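Each chain, letter by letter, is given below.
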Amino acid sequence: MKPSRELLAFMDRLGYVFDDPSLLARALTHSSLSSPTRGDNQRLEFLGDRVLGLVMAEAVLAADENAKEGTLAPRFNALVRKETCADVARQIDLGAAMRLGKSEMSAGGRRRMALLGDAMEAVIAAVYLDGGFVAARDLINRLWAQRVDSVEEDARDAKTALQEWAQARRMPPPAYTEVARSGPDHAPVFRVRVELSSGQHAEAEAKAKRQAEQMAAKALLAQVERPA
């Protein structure tokens, strides 16, 4: 197929030119626009997730030759989770190239974390199928380079770290509550409160409920771990 102007512009942002542009077109097509003659990106997303995982496993091992598995695993998880994939997608303005049905378009699908993360994984798979593993690895290492360099020493997600902090003190798990939701239906903002049985608590806002929970947990961790 002859690539459209939008696909050519996205290839430029991506830094990879496809021999078979139809692979990229499929990677950018959400199921809301699929049809018997137009495939969506779900199968590519499945493959891309595995390719990304292998490359990031290599990267965290190479970045710290002395780190033990207990340190490597949370770093790896931080680099491959959906939020990180969505952040990379925003970095290359993947949302502008996504092919969405009218319902997803009107619901703000180009900005949704889940859709962006899925599409980023699908694009990785498309590069893998088009140019092989080396091409996919080079792409991932380039797009993720800054994140690999700056991944925290202990990259456990904040919710896990807070729960472990509570368990170590024989406290029940932290309780998360959605205390408010604002903004339009297609782009809501969630406010979440996390509280320990001791009464200590924190709140945070984000465009995704899971992200708000993580931010609230991080804020509470900083509070409880602050030197007296």
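Reading the values: the criteria
- Residues numbered from 1 in each chain as written.
- Predicted model: local features only at pLDDT ≥ 70, side-chain atom pairs only at ≥ 80, totals over all residues.
- Heavy atoms only, no water.
- Helix = DSSP H or I, 4+ residues; strand = E, 2+ residues; numbered from the N terminus.
- Buried < 20%, exposed > 50% of the residue type's maximum accessible area, 1.4 Å probe, protein only.
- Pairing = 2+ DSSP bridges.
- Contact = heavy atoms within 4.5 Å.
- Polar contact = N/O pair within 3.5 Å; in protein donor to acceptor, adjacent residues only side chain to side chain.
- UniProt positions renumbered as here; feature names shortened; annotations may be inferred.
- Salt bridge = Lys/Arg side-chain N within 4 Å of Asp/Glu carboxyl O.
- Core = buried A, V, L, I, M, F, W, Y, C linked by side-chain atoms within 4.5 Å.

## Re unusual backbone geometry
Right, so step 1: Unlike most non-glycine residues, Asp93 shows phi in positive territory, near 50°.
Right, so step 2: In this structure, Asp93 sits in the loop between helix H5 (82-91) and helix H6 (102-106).
Right, so step 3: Judged by its relative accessible area of 39%, Asp93 falls in the partly exposed class.
Right, so step 4: Not every positive phi belongs to a glycine, and Arg170 is a case in point at roughly 55°.

## Brief notes about the pairing of strand E2 (residues 189-195)
Right, so step 1: Here E2 shows one buried face, formed by Phe190, Val192 and Val194, and one open face, formed by Val189, Arg191, Arg193 and Glu195.
Right, so step 2: The pairing of strand E1 (residues 175-182) with E2 spans seven bridges and is antiparallel. Within E2, the residue paired with Thr177 across the bridge is Arg193.
Right, so step 3: With antiparallel pairing between neighbouring strands as the criterion, E1 and E2 make up a hairpin whose turn holds six residues, including Gly183 at a positive phi of roughly 85°.
Right, so step 4: Where E2 and strand E3 (residues 201-206) come together, six bridges link them in antiparallel fashion. By the bridge assignment, Phe190 is partnered in E3 with Ala206.
Right, so step 5: Counting the residues in the hairpin turn of E2 and E3 gives five residues, including Gly199, whose phi is positive at 100°.

## Overview of the environment of Arg191
Right, so step 1: The residue Arg191 is located in strand E2 in this model.
Right, so step 2: Looking at Arg191, the relative accessible area reads 28%, which means it is partly exposed.
Right, so step 3: With near-sequence residues (within four places) excluded, Arg191 lies in contact with Thr177, Glu178, Val179, Ala180, Glu203, Ala204 and Glu205.
Right, so step 4: A polar contact of 3.5 Å, which involves the side chain of Arg191, links it to the side chain of Glu205.

## Observations regarding the UniProt feature "domain: RNase III" (unreviewed entry) in the protein chain
Right, so step 1: Summarizing the sequence annotation, UniProt attributes the feature "domain: RNase III" (unreviewed entry) to residues 7-132 in the numbering used throughout.
Right, so step 2: Taken as a whole, residues 7-132 contains 66% helix and 0% strand, while its terminal C-alpha atoms sit 20 Å from one another.

## Here we look at the pattern of salt bridges
Right, so step 1: Summed over the entire model, instances satisfying the criterion amount to 16 salt bridges.
Right, so step 2: A salt bridge links Glu58 to Arg137, with the nearest nitrogen and oxygen atoms 3.9 Å apart. Pair noted here: Glu58 is in helix H3 (residues 42-63) and Arg137 is in helix H8 (residues 133-150), with a separation of 79 residues, a long-range link.
Right, so step 3: You can call Glu58 partly exposed: its relative accessible area is 33%.
Right, so step 4: For Glu195, the salt bridge goes to Arg193, with nearest N and O atoms at 3.3 Å.
Right, so step 5: Overall, Glu195 belongs to the partly exposed group, its relative accessible area being 31%.
Right, so step 6: Within the structure, one salt-bridge network assembled from shared partners comprises Arg191, Arg193, Glu195, Glu203 and Glu205.

## Section: the nonpolar core
Right, so step 1: Formed by 50 residues in total, the largest nonpolar core has its most connected members in Leu14, Met56, Leu94, Met120 and Trp144.
Right, so step 2: When near neighbours in sequence (up to four residues on either side) are disregarded, Met120 contacts Cys85, Val88, Ala89, Ile92, Leu94, Leu143 and Trp144.
Right, so step 3: Core analysis: the second largest hydrophobic core is formed by 15 residues, Met171, Val194, Ala202 and Val224 among them.

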